[in-house]
Amino acid sequence: MDGFEDIIKEFLVESYENLDKLDDDLLALEDAPDDQQRLASVFRTVHTIKGTCGFLALPKLERVTHVGENLLVPLRDGELTLTRPIADTLLEMVDAIRAMLRQVESGQGEGDDDYEPLVARLEAARTQPTATTVDPPTAPLEGGPTATGAGPTAAYAPQSAAPIVSEPIVSIADQPPSENSATTSQASDTVAADAASGTDCDNAAESPLHHPAAPEPATPKPAAPRDAAPEQANSERARSDWKDASGVTKTEASLVDASVRLDVELLDKLVNLVGELVLARNQIVQFSRSTDDAPMHAAAQRLNQITSELQEGVMKTRMQPIRNAWGKLPRLVRDLAASHGKQIDIRMEGEETEVDKTVLEAIKDPLTHIVRNVVDHGIELPERRIACGKPPRGVLHLNAFHEGGQMIIEISDDGGGIDTNIVRAKAIERGMISSRRASTLSESDITHLIFLPGFSTAASVTNVSGRGVGMDVVKTNIECIGGSLEIQSTLGLGTTLRIKIPLTLAIIPVLLVTTEGDRYAIPQASLLELVHIDSLRAHQEIEFIHDTPLFRLREQLLPLIYLDEQLGLHPPRRRGDPPSDLNIVVLYADGHQFGLVVDEITDTQEIVIKPLGSHFKEIPVYAGATIMGDGKICLILDLIGLAQNGGITGGQAERNTPIAQPPWHSNESSSESLLIVDLGDESRVAIPLSSVARLEKFVSSDIERLGDFHVVQYRGQTIPLFSIDGSLECQLVDFSSQHLGLEAPLHTVVFRDGDRVAGIVVKKILDILHDQPVHAEPEGGQAGAARHLVIQQRVTRIIDLETFLRSSLRRWADAWSAA
Amino acid sequence: MYTTTLTRPESYCTFLVDGLLYGIEVQKVQEVIRAQPTTRVPLAPQVVRGLMNLRGHIVSMLSLRKALGLPARSSDSHEMSVIIRSSEGPVGLLVDEIGDVMRVDQADCESVPGTLHRRQRPFLRCAYKLEQRLLLILDADRVATATATD
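Bear in mind the structure is a predicted one, so any value in this text is a computation, not a measurement.

1. Description of the overall build of chain A
Then, in step 1: Secondary structure summary: chain A contains 26 helices and 30 strands in total.
Then, in step 2: For chain A, the proportion of its 819 residues judged to be buried stands at 36%.
Then, in step 3: In chain A, the proportion of contacts linking residues at least 24 apart, taken out of those at least 6 apart, comes to 69%.

This is the structure we're talking about:
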């Protein structure tokens, strides 16, 4: 019985997929009723389901699909046009099939629901336009199930013996649909005739040449033969369609062949295993560095490379197009709009944009919720739209794209927008804000009030013309996966919701900090900037309101919280305590900016998040943990939890105006082009392009040794090579021999300072950013201080190449003269 | 009063904590290893000693002494950890010393007396009367989710 259950399962999975496609196809057909390819695809789907359920002894399901198929034949042949009522009936059929499949899935057979009325409607829809050939709705179709069982088999038998001619298939595809004027019975006649002649019946069935020969039927055939004939015709056609698919649209078929259905559980296991392999790799690489064994180095390098590629590949398998989350929306919008008496077109862009499966699952419900809201409250009734001078059909626009390592989804409509007056009144009425406070809020702030929990209750749904049903839940769900939500609305013109979500939850870039000797990871998505203040400046710039520390960041007060205090590792600091050097991580979480004071800022890294056990559920400040390259565990901070714990989000510290952008973000400061390079240890460095002469590639064999230096012949000159060490100070170190012996060319940034030329070897040249505004003076002013910027959502160090190179080149010059 | 919850002879992985002999069904025990350095988790309940990297899995290490309200260890001899399979994945229990795997006769099983301190009672399922001493059977799932802080 196991084998049979497997077949059923397979059938269900396939059918559900097909049904989703059917929904899409039918909706598309409403707009373009004579899209032959889609009609053929719809027909094929229904036929497949029908064929299989006859095989699996599901008579009811078979009956519904059979009648549906009968209706689709004239549609496909262009005898019937797909009108709205027909589409409704067909969609109803899809729902009925889905309902029955669910019953089958739960092991209750096909269920006891009566689908005869639907069958009658499907019959009626078919016969409606050709009133002369009305079938009595009670036409005996009981022979169906048995006939199907035998039908395809009988039809396929001669085909397998006959030689398959590929040429005529092409001619079918070329045949314009308008020529296809045969009626159902006509077609069946043709088929019968061809079947009699016994050659290539499937191709001939659709050939226009046969039409003149076929007698024009004036009356319907007697019931019994008629019943068998379309049956045969259908299976013939299905087969020819199938052949169309394999012959004409070859790419489509090969796509099906090239994909494998996989259990998600297996995939998750693979992802976990790769995660562990990465950790093991990190340990091996670390170990190989401590030995001088050349083969060991080579093997570790190779392992390194393969693991990275494997990781990338496996992560890709979890990526799915956003279409999978959107797929059901057109149907939802159509049904909902119809029930509200609205006319709405849904447009989608960037459906192929890929995102991790877990993220996709997490945004499915919020998305549905938002779209429901748009239809419900956003887009107005046609009369109202006309009165406002807009076309009666509203447009709901979905757009997805990648930006800066994140996925952006925009949901916009051309509806009425959010009336801030009503929202304001509602919020005051519900006691969410005081009327005094309300008068100070900007329009945009008012719009965002709809995200307040409890704003949307049943009563306000009808009163507020904007959105608001459970938007707080939507916001929470999106923030749960590290995303954010923005809303822009113009009264009378429409609303745009912008959702930003991370591409994957599995691997995230973090900033590593140290406090009280322990490492903690801060997700970079919330990171704004890093500020270091020495004890002298700290004395002036850290101010206190009673015992609460504040920092003046560009003349705005930034509340500070100390990580060690939050973790209970240090008693609260008080006003008057002696100041010390401070490392402030400026963060944005839960709508607030704050500074997190840590002992040390260590590094940036990409990590795999692992959840914490139940013992830590009550602690708001951790988002999870990860295993570092050295095998030790590092806790990941939950910034929203930390902000709440530290009282940042309490009313007192609330800030309505965001702190001004850092000067290098503003337009006034000097801007320059930056070369972004990868150092190989996941850290990025930006080099001002003005100091770069050329980008070159050298191979290992070009490199020679001269004293303590590695050198290369470059344009008749001997130039030394350096590399940038991974530490935060960005010191230039002598180019290490570790890079040697590699096959890959060495990417080298050639720098010229007057007569002196030097090369800096980097792992990879990533990007050149033009007009990147850069702060004129390095923080702190001394040469060793590196600046940090968040570029493309990643912490990037900007190094002052000239200063570093000057000292390095001096050593080179000294060594040279000494030699 | 004989308990009827167990119907066949059971094997227990036994260990000593503060001189008392405890047992957990062998099926629930994943492995026994020497205690390793852990990463502390500030703000966590006191019963949590820290997090350990067990071949790429993050395992919470719990002090059984803390969970059962027993005094802290005086000697600094090596602790052992019993990794148990709980409903939430592996959890490590820190114990003093590992005993044998014992097969016991269910006829010797008795429920724990009501006079037992309520601090320990939820964690103990029953006690086996061995010849020399009592074997106290722990409810692995309850111990694994213990959050007692005092």
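The rest of the description comes next.
2. Focus on the overall build of chain B
Then, in step 1: When you go through chain B residue by residue, the secondary structure sums to 2 helices and 11 strands.
Then, in step 2: When its helices and strands are written in sequence order, chain B yields β-β-β-β-β-α-β-β-β-β-β-β-α.
Then, in step 3: Residues classed as buried in chain B amount to 34% of the 150 residues present.
Then, in step 4: Sequence-distant contacts in chain B: of pairs separated by 6 or more residues, those separated by 24 or more amount to 59%.

3. Considerations on the UniProt feature "modified residue: Phosphohistidine" (unreviewed entry) in chain A
All names here are of chain A.
Then, in step 1: Those residues carrying the UniProt feature "modified residue: Phosphohistidine" (unreviewed entry) are His47 in this numbering.
Then, in step 2: Tracing the sequence through the fold places histidine 47 in helix H2 (residues 36-55).
Then, in step 3: By the C-beta count within 10 Å, which is 24 here, histidine 47 ends up buried.

4. Overview of the environment of A:Leu493
Residues and elements named next belong to chain A.
Then, in step 1: Among the structural elements, leucine 493 can be located in the loop between strand S6 (484-490) and strand S7 (494-502).
Then, in step 2: Between the C-alpha atom of leucine 493 and that of glycine 415, which follows or precedes it by 78 residues, the distance is 6.0 Å.
Then, in step 3: Dropping the residues within four chain positions of it, leucine 493 is found in contact with Asp414 and Gly417.

5. Considerations on the interface of chain A and chain B
Often, the extent of an interface is quoted as the loss of accessible area upon association of its parts.
Then, in step 1: In this assembly, 19 residues from chain A lie in contact with 18 residues from chain B.
Then, in step 2: Its residues placed into classes, the side of chain A that touches chain B shows 10 nonpolar, 5 polar and 4 charged.

6. With respect to the sheet that holds strand S11 (residues 134-138) of chain B
Residues and elements named next belong to chain B.
Then, in step 1: Strand order in this open sheet of 6 strands is S8-S1-S2-S11-S10-S9, and the pairing throughout is mixed. Lying at the two open borders of the sheet, with one neighbouring strand each, are strand S8 (97-104) and strand S9 (109-110).
Then, in step 2: Bridge count for strand S1 (residues 10-17) against strand S2 (residues 20-25) is 6 bridges, and the pairing is antiparallel. Looking across to S2, one finds that phenylalanine 15 is bridged to tyrosine 22.

7. Overview of the confidence of the model for chain A
All names here are of chain A.
Then, in step 1: Per-residue confidence for chain A gives a mean pLDDT of 71, with 70% of residues at or over 70.
Then, in step 2: Averaged over each element, pLDDT in chain A is lowest for helix H6 (residues 144-161) (39) and highest for strand S9 (residues 518-523) (92).
Then, in step 3: Per-residue pLDDT stays below 50 along residues 130-255; that stretch engages in 128 contacts with residues further than four places along the chain or on separate chains.
Then, in step 4: In the predicted structure, residues 651-670 sits below a pLDDT of 50 and forms 32 contacts with residues beyond four places in sequence or in another chain.

8. Considering the packing of helix H16 (residues 357-378) of chain A against helix H22 (residues 471-480) of chain A
Residue and element names in this part refer to chain A.
Then, in step 1: Running from N to C, H16 and H22 point in directions that differ by 155°, and their axes come no closer than 9 Å. Overall, the two elements H16 and H22 adopt an arrangement that is roughly antiparallel. Helix-helix and strand crossings are classified by hand; for H16 and H22 the assignment is left-handed. Two secondary-structure elements touch here, H16 through Ala362, Ile363, Asp365, Pro366, His369 and Ile370 and H22 through Val474, Asn477 and Ile478.
Then, in step 2: The residue makeup of the contact of H16 with H22, split by class, is 6 nonpolar, 2 polar and 1 charged.

9. Remarks on the nonpolar core
Then, in step 1: Judged by nonpolar contacts, the single largest core of 91 residues is most densely connected at A:Ile522, A:Val585, A:Val597, A:Leu637 and B:Leu62.
Then, in step 2: Examining the composition of this core, we find that 6 residues originate from one element, strand S14 (residues 582-589) of chain A, more than from any other.
Then, in step 3: A domain-level breakdown of this core finds at least three residues from each of domain 2 (264-318) and domain 4 (531-653) of chain A.
Then, in step 4: Setting aside chain neighbours within four positions, we find A:Ile522 in contact with A:Val510, A:Leu511, A:Val513, A:Leu527, A:Val585, A:Leu637 and A:Leu639.
Then, in step 5: Grouped together as the second largest cluster of nonpolar side chains are 39 residues, A:Val333, A:Val359, A:Ile370 and A:Ile450 included.

10. Overview of the sheet that holds strand S4 (residues 48-54) of chain B
Residues and elements named next belong to chain B.
Then, in step 1: What the 5 strands build is an open sheet, ordered S3-S6-S7-S5-S4; its pairing is mixed. Two strands lie at the open edges of the sheet, namely strand S3 (29-34) and S4, each paired on one side alone. Direction aside, neighbouring strands of the sheet carry axes that sit 30° apart on average.
Then, in step 2: When strand S5 (residues 57-63) meets strand S7 (residues 89-95), the two strands line up parallel, connected through 4 bridges. Among the inter-strand pairings, serine 60 is bridged to a residue of S7, identified as valine 91.

11. Let's talk about the packing of H2(A) against helix H3 (residues 59-76) of chain A
Residues and elements named next belong to chain A.
Then, in step 1: At a minimum axis separation of 9 Å, H2 and H3 run at an interaxial angle of 155°. Accordingly, the angle class assigned to the pair H2 and H3 is roughly antiparallel. The chirality of how H2 crosses H3 is left-handed. Contacts from Leu39, Ala40, Val42, Phe43, Val46, His47, Ile49, Lys50, Cys53 and Gly54 of H2 reach H3 at Leu61, Glu62, Thr65, His66, Gly68, Glu69, Leu72, Leu75 and Arg76.

12. Some thoughts on helix H4 (residues 84-105) of chain A
Note: α-helices contain 3.6 residues per turn, so residues at a spacing of three or four share the same orientation.
Residue and element names in this part refer to chain A.
Then, in step 1: Here H4 spans 31 Å end to end across 22 residues, near enough to the 32 Å set by a 1.5 Å rise per residue.
Then, in step 2: Where H4 is concerned, the buried positions are Ile86, Thr89, Leu90, Met93, Val94, Ala96, Ile97, Met100, Leu101 and Val104. In an axial view of H4, the angular spread of the buried residues amounts to 160°, which keeps them on one side of the axis. Among the exposed residues of H4, those pointing more than 90 degrees away from its buried face are Arg84 and Pro85.
Then, in step 3: Residue glycine 107 follows H4 closely and has a positive phi angle near 80°.

13. What to know about the pairing of strand S20 (residues 684-688) of chain A
Residue and element names in this part refer to chain A.
Then, in step 1: Counting buried positions over the 5 residues of S20 gives 4, a clear majority of the element.
Then, in step 2: As paired strands, S20 and strand S30 (residues 794-798) are joined by 3 bridges and run parallel to one another. Bridged to alanine 686 within S30 is isoleucine 798.

14. Some details on unusual backbone geometry
Then, in step 1: With a phi close to 50°, A:Glu516 is a non-glycine residue in the positive phi region.
Then, in step 2: Summarising the element assignment, A:Glu516 is placed in the loop between strand S8 (507-515) and S9.
Then, in step 3: Under the C-beta neighbour-count criterion, A:Glu516 is labelled partly exposed, with 14 such atoms within 10 Å.
Then, in step 4: Of note in the backbone geometry, B:Asp18 takes a positive phi value of approximately 55° without being a glycine.
Then, in step 5: Using a count of 15 C-beta atoms within 10 Å as the deciding quantity, one classes B:Asp18 as partly exposed.

15. Description of the confidence of the model for chain B
Then, in step 1: Within chain B, residue pLDDT values average 83, and 89% of them lie at 70 or more.
Then, in step 2: Overall fold confidence (pTM) sits at 0.49, and the ipTM for the predicted complex is 0.86.

16. Examining the environment of A:Tyr115
Residue and element names in this part refer to chain A.
Then, in step 1: Among the structural elements, tyrosine 115 can be located in the loop between H4 and helix H5 (116-127).
Then, in step 2: A residue is classified by how many C-beta atoms lie within 10 Å of it, and tyrosine 115, with 22 of them, is buried.
Then, in step 3: For the pair tyrosine 115 and valine 64, spaced 51 residues apart in the sequence, the C-alpha separation amounts to 7.4 Å.
Then, in step 4: In this view, tyrosine 115 contacts Lys60, Val64 and Ala96; residues no more than four positions away in its chain are not counted.

17. Here we look at the environment of A:Val750
All names here are of chain A.
Then, in step 1: You can see valine 750 is positioned in strand S26 (residues 746-753).
Then, in step 2: Residues valine 750 and alanine 693 lie 57 residues apart in sequence; the distance between their C-alpha atoms is 5.5 Å.
Then, in step 3: Non-local contacts of valine 750, meaning those with residues more than four positions away in its chain, are made with Ala693, Arg694, Glu696, Val757 and Gly759.

What counts and what doesn't
Residues numbered from 1 in each chain as written. Chains lettered and ligands numbered in written order. Predicted model: local features only at pLDDT ≥ 70, side-chain atom pairs only at ≥ 80, totals over all residues. Helix = DSSP H or I, 4+ residues; strand = E, 2+ residues; numbered from the N terminus. Buried ≥ 20, exposed ≤ 12 C-beta atoms within 10 Å, placed from the backbone. Contact = placed C-beta atoms within 7 Å. UniProt positions renumbered as here; feature names shortened; annotations may be inferred. Nonpolar A, V, L, I, M, F, W, Y, C, P; charged D, E, K, R; others polar. Pairing = 2+ DSSP bridges. pLDDT = per-residue confidence, 0-100. Axes fitted to C-alpha atoms, helices over the stretch in contact; angles between N-to-C directions. Parallel < 35°, antiparallel > 145°, perpendicular 65-115°, else oblique. Left-handed = near helix turned anticlockwise from the far one by under 90°. Core = buried A, V, L, I, M, F, W, Y, C linked by C-beta atoms within 7 Å. Domains from an automatic or database assignment. Expected span 1.5 Å × (residues − 1). Arc of directions from axis to C-beta.

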